[in-house]
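Here is what each chain is made of, one letter per residue.
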Amino acid sequence: MTQDAAARPHLPDPSTAPELFDGLLTRRATAYIIDVILMSFLVLAISVVGAILGFFTFGLAWVSLVFAVPAAIILYYAATLGSHRRATVGMQMMDIVLTPTRGQPLDGWMAILHALVFWITIWICWPVTLLFALFTPRRQMIHDFIMGTLMVRRSPMMRHWQRHRMSEQDAYHGGE
């Protein structure tokens, strides 16, 4: 096996591992709603604190809200998607995880870029973005293709990777 092929993860196929994609779009939509609600509470809390502090700082805190609110949302994605769990709170509740497909690590910056590209594609043309997922075999959305990521169910994924590693080891030892 070449080093290039070893660096690229084996992508699961819906025909051989359908459990990874079972109900994925419904789970993604539900996770999105949960995350939007959580982010709304976060933005509301920051806004209330900023509104109260604005009276004591002669409006300076009100101006800072323009930067504080987007920063809070960015930090939410960096802290959740960029963590070792690779999932927002909503995604964790729906048992889905974000997986890189190009062999690069999924860190905080990649998580922020993934979220940014998601919001841009949704903002530009949400019907196309959503329909795109209906016609791709792995249920990837446009931002998943752009960023080189794949969303799968977490619990079946762990079993899938273990089976894949064992088959690779068997193939490696069979060639000796």
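Located above this text is the structure these notes cover.
Residues numbered from 1 in each chain as written. Predicted model: local features only at pLDDT ≥ 70, side-chain atom pairs only at ≥ 80, totals over all residues. Heavy atoms only, no water.

Trainee: What am I meant to see in unusual backbone geometry here?
Mentor: Most peptide bonds take the trans configuration, and most residues that are not glycine carry a negative phi. With a phi close to 60 degrees, D95 is a non-glycine residue in the positive phi region. Looking at the element boundaries, D95 is found in the loop between α4 (89-93) and β1 (96-100). (Helix = DSSP H or I, 4+ residues; strand = E, 2+ residues; numbered from the N terminus.)

Trainee: How should I be thinking about helix α5 (residues 108-134) in this particular structure?
Mentor: Taking 1.5 Å per residue, 27 residues should reach 39 Å; α5 reaches only 28 Å between its end C-alpha atoms and comes up short. When the local axis directions of α5 are compared, the greatest deviation, roughly 120 degrees, occurs at C125, which is followed within four positions by the proline P127. For α5, the complete set of buried residues consists of M110, A111, I112, H114, A115, V117, F118, T121, I122, T129 and A133. (Expected span 1.5 Å × (residues − 1). Bend = angle between axes of the 7 residues up to and from the residue. Buried < 20%, exposed > 50% of the residue type's maximum accessible area, 1.4 Å probe, protein only.)

Trainee: Could you clarify how one ought to interpret the packing of helix α2 (residues 24-56) against α5 in this entry?
Mentor: Pairs of packed helices are described in terms of their axes, by the angle between the two and the distance that separates them. Orientation of α2 relative to α5, taken along the N-to-C sense of each, is 160 degrees, at an axis distance of 12 Å. If you check the angle between α2 and α5, you find them roughly antiparallel. In the packing of α2 onto α5, the handedness of the crossing is left-handed. Contact residues: α2 offers L25, Y32, V36 and M39, while α5 offers F118, W119, A133 and L134. (Axes fitted to C-alpha atoms, helices over the stretch in contact; angles between N-to-C directions. Parallel < 35°, antiparallel > 145°, perpendicular 65-115°, else oblique. Left-handed = near helix turned anticlockwise from the far one by under 90°. Contact = heavy atoms within 4.5 Å.)

Trainee: I tried to follow the pairing of strand β2 (residues 149-153) on my own but got confused; where do I start?
Mentor: Each regular strand displays side chains that alternate between the two surfaces of the sheet. Of all five residues that make up β2, five are buried, and the element is covered over most of its length. On β2, burial covers both faces: T149, M151 and R153 on one face and L150 and V152 on the other are all buried. Here five bridges tie β1 to β2, and the two strands are oriented antiparallel to one another. Looking at β2, one finds that V97 is bridged to V152. (Pairing = 2+ DSSP bridges.)

Trainee: I would appreciate a short explanation of the pairing of β1 in the present structure.
Mentor: Judged by how many residues are buried, β1 sits mostly within the fold: five of five residues are covered. A two-sided burial pattern is seen for β1, the buried positions comprising I96, L98 and P100 on one face and V97 and T99 on the other.

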